[in-house]
Amino acid sequence: MTKTPVQFRLNGMAAATFADPGANLLDVMRRGLGDLSAKYGCGQGTCGACTVLIDGRPRLACLTLAEEVEGRDVQSPGGIAGEALHPLQEAFMEHFAAQCGYCTPGMIAAAKALLDRNPRPDRDEVIEALSGNICRCTGYEPIVEAVLTAAARLSGSNVAGGWR
Amino acid sequence: MIEAVETYPRLAEAAAALARGGARFMAGGTVAMRDANYGRFGAPRLVRTTDPAFRALSAQGDRIEIGAGATLAQVLESRELAALHPVARLVGGPAVREAATVGGNLFAPHPYGDFAAALLALGAVARLAEGREMPLADLFAQRDRVGLVASLSLQRPRRGEFGFRKLSRVKPKGVSVLSVAVKAPGAPSRVSGAAIAFAGMGPHPLRAAAAERALEGARRDHAGVAAACAAAAEGLSPPDDPLASAWYRAEVAGVQLRRCLLEDMA
């Protein structure tokens, strides 16, 4: 069984590792590269805890073959903050949108994918964007409110936070 | 356990690699990677392709060609496929739709594969990598041994003649108890040549022949569709599983068909 070299950009930095045949991106990020920000939840695409952005689009790292990101740009939840917290992260704190917190990285990644493409989403669009992310504490309302708050701030200001 | 990943730049090369045996093809990965994660991939070699033609969408007149590797996110971004937007939107969340492919949906086991039911109702024809064309009903009957699908071809439905409804227990998204897709030309005055397809009412998406016969010539109103809805489950064999019993599925199939005909095609 031969490992495959995989090179890509992770949060703007060059990343290189070796992947076992059939290994998923989540394993490569967590075990190979030490980025623990995307979480392992179900391993079958049901929970959204492992959501990352690949070339700016939301993807489930547990269902992404490691070789698929060769030469591409991956942003993990840990790479969303810049010098300051991202407005989404600020809003999640303000709205108490994390209870146990396990789903939070995936929620924020999914929300960022939405706001990058649609800076002024309405409530239904936020709910749709998060529909693949499960919060088993069932704290959905604060999460939706946090995303709407972040959207309002991002679209209404020129805040310089250094986030990507 | 997977021993090797083989990536081919051309679909034909991937098909040839598959034909050598001991391999499984992966398109978007929503089913295959799940199996890999759980140690049940079932083959020592994983075969994939980066062929751009495999992901292409094109339209010529009323005819639409969908590369089997096109994702449901691509479907949602295509104006040509506007009729299928409500179907694609009901599949997973955005991250799943970025990976899930149209071709992969044809092979997704229950409770997945709702998009395939819509393609069946629309009369889509699959073109295999070897070049042969195959109606979806034939493909479903032998999908374990049919080989690699390159693309699908279908006629764009006219406004108001296609509808889709998915029943799930979790809102806003959940796996399918069943789904129903209807193409009803001539509606609402007199339906002619209707195609009704269910997912979750058998081992793979199936046409509801008895309901189609009952709908022929009917008006698309409460009284007109009653006979078709009463016959919705006739000839089908819904499964018993943790999502719903076979009895429940048979009971609600007609209700979902009626709502689809009267509410989703308006």
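Here is what the cut-offs are and how they apply
Residues numbered from 1 in each chain as written. Chains lettered and ligands numbered in written order. Predicted model: local features only at pLDDT ≥ 70, side-chain atom pairs only at ≥ 80, totals over all residues. Helix = DSSP H or I, 4+ residues; strand = E, 2+ residues; numbered from the N terminus. Rg over C-alpha atoms; globule rule 2.2 N^0.38 Å. Buried ≥ 20, exposed ≤ 12 C-beta atoms within 10 Å, placed from the backbone. Contact = placed C-beta atoms within 7 Å. Pairing = 2+ DSSP bridges. Axes fitted to C-alpha atoms, helices over the stretch in contact; angles between N-to-C directions. Core = buried A, V, L, I, M, F, W, Y, C linked by C-beta atoms within 7 Å. pLDDT = per-residue confidence, 0-100. Left-handed = near helix turned anticlockwise from the far one by under 90°. Nonpolar A, V, L, I, M, F, W, Y, C, P; charged D, E, K, R; others polar. Expected span 1.5 Å × (residues − 1). Parallel < 35°, antiparallel > 145°, perpendicular 65-115°, else oblique. Arc of directions from axis to C-beta.

### Overview of the overall build of chain B
And then number 1: Scanning chain B from N- to C-terminus turns up 11 helices and 12 strands.
And then number 2: Taking 2.2 N^0.38 as the reference for a compact globule, 266 residues should give roughly 18 Å; the C-alpha atoms of chain B span a radius of gyration of 18 Å, in line with that estimate.
And then number 3: Counting only C-alpha atoms and orienting by the principal axes, one finds that chain B spans roughly 60 × 45 × 30 Å.
And then number 4: When the 266 residues of chain B are sorted by exposure, 52% land in the buried category.
And then number 5: Taking as baseline every contact in chain B between residues at least 6 positions apart, the subset at least 24 positions apart corresponds to 60%.

### A short note on the sheet that holds strand β9 (residues 162-168) of chain B
Residue and element names in this part refer to chain B.
And then number 1: As summarised here, the arrangement of the 4 strands in space is β9-β10-β11-β12, forming an open sheet in which the pairing is antiparallel. Among the strands making up the open sheet, the edge pair consists of β9 and β12 (206-207).
And then number 2: Pairing geometry for strand β10 (residues 176-183) and strand β11 (residues 195-199), over 5 bridges, is antiparallel. Residue pairing for β11: S179 is matched across the bridge by A199.
And then number 3: Contacts between helix α7 (residues 114-121) and the sheet are confined to β9, β10, β11 and β12, with β11 contributing the most and set at about 165 degrees to the helix.
And then number 4: Contacts between helix α11 (residues 246-264) and the sheet are confined to β9, β10 and β11, with β9 contributing the most and set at about 140 degrees to the helix.

### Let's talk about the interface of chain B and chain A
And then number 1: Counting from both sides, the interface comprises 24 residues of chain B and, opposite them, 26 residues of chain A.
And then number 2: Taken together, the elements giving at least two residues each to the side of chain B that touches chain A come down to β1 (4-8), α2 (32-37) and α5 (94-99) of chain B.
And then number 3: Sorting elements by how many residues they give to the side of chain B that touches chain A places α5 of chain B first, with 5 residues.

### A short note on the nonpolar core
And then number 1: Ranked by internal contacts, the top residues of the largest apolar core, which has 143 residues, are A111 of chain A together with A118, L119, V182, F198, A228 and L257 of chain B.
And then number 2: No other element matches helix α3 (residues 104-117) of chain A, which puts 8 residues into this core.

### Quick notes on the confidence of the model for chain B
And then number 1: Within chain B, residue pLDDT values average 95, and 99% of them lie at 70 or more.
And then number 2: Model confidence for the complex: the whole-complex pTM is 0.94, and ipTM, which rates the interface, is 0.93.

### What about the pairing of strand β4 (residues 57-60) of chain A?
All names here are of chain A.
And then number 1: Bridge count for strand β3 (residues 51-54) against β4 is 4 bridges, and the pairing is antiparallel. Within the sheet, the bridge partner assigned to V52 lies in β4 and is R59.
And then number 2: Where β3 folds back on β4, the antiparallel hairpin that results is connected by 2 residues, among which D55 adopts a positive phi of roughly 50 degrees.

### Here we look at unusual backbone geometry
And then number 1: The peptide bond linking H110 of chain B to P111 of chain B adopts the cis configuration, its omega dihedral lying at 15 degrees.
And then number 2: Structurally, P111 of chain B is set in the loop between α6 (102-107) and α7.
And then number 3: Even without glycine at this site, N11 of chain A takes up a positive phi of about 55 degrees.
And then number 4: Relative to the elements of secondary structure, N11 of chain A occurs in the loop between β1 (4-10) and β2 (13-19).

### Some words on the packing of helix α10 (residues 222-230) of chain B against α11 of chain B
Residues and elements named next belong to chain B.
And then number 1: Orientation of α10 relative to α11, taken along the N-to-C sense of each, is 145 degrees, at an axis distance of 9 Å. Handedness of the α10/α11 crossing: right-handed. Residue-level inspection shows H222, V225, A228, C229 and A230 of α10 in contact with α11, the latter providing G254, L257, R258, L261 and L262.
And then number 2: Its residues assigned to classes, the contact of α10 with α11 shows 7 nonpolar, 2 polar and 1 charged.

### Examining α3 of chain A
And then number 1: Over its 14 residues, α3 of chain A runs 20 Å from end to end, which matches the ideal 20 Å to within 8%, given 1.5 Å per residue.
And then number 2: In terms of burial, α3 of chain A is a largely internal element, 12 of the 14 residues being buried.
And then number 3: The set of residues buried in α3 of chain A consists of T104, P105, G106, M107, I108, A109, A110, A111, K112, A113, L114 and L115 of chain A.
And then number 4: Buried residues in α3 of chain A make contact with β3, β4, α2 (87-94), α4 (123-129) and α5 (140-156) of chain A together with α5 of chain B.

### What to know about the packing of α3 of chain A against α5 of chain A
Residues and elements named next belong to chain A.
And then number 1: Contact geometry of α3 with α5 gives a least axis separation of 11 Å together with a crossing angle of 40 degrees. Considering their axes alone, α3 and α5 lie oblique with respect to each other. For the crossing formed where α3 meets α5, the hand is right-handed. Residue-level inspection shows M107, A111 and L115 of α3 in contact with α5, the latter providing I143, V147, A150, A151 and L154.

### Looking at helix α1 (residues 11-19) of chain B
Residues and elements named next belong to chain B.
And then number 1: Residues L11, A14, A17 and L18 constitute the buried set of α1. End-on, the buried residues of α1 take up no more than an arc of 120 degrees, which puts them together on one face.
And then number 2: Against the buried residues of α1 lie β1, β2 (23-25), β3 (45-49) and β8 (149-155).
And then number 3: Once α1 finishes, G21 follows within two positions and takes phi at roughly 90 degrees, a positive value.

### As for the sheet that holds β8 of chain B
Residue and element names in this part refer to chain B.
And then number 1: Ordered in space as β4-β5-β8-β6-β7, the 5 strands form an open sheet in which the pairing is antiparallel. A single partner strand is all that each edge strand has here, and the edge strands are β4 (57-60) and β7 (133-135). Adjacent strand axes in the sheet meet at a mean angle of 25 degrees, parallel and antiparallel pairs treated alike.
And then number 2: Two strands pair when backbone bridges link them, and β4 and strand β5 (residues 63-67) are joined in this way by 4 bridges, in the antiparallel orientation. Looking across to β5, one finds that A59 is bridged to I64.

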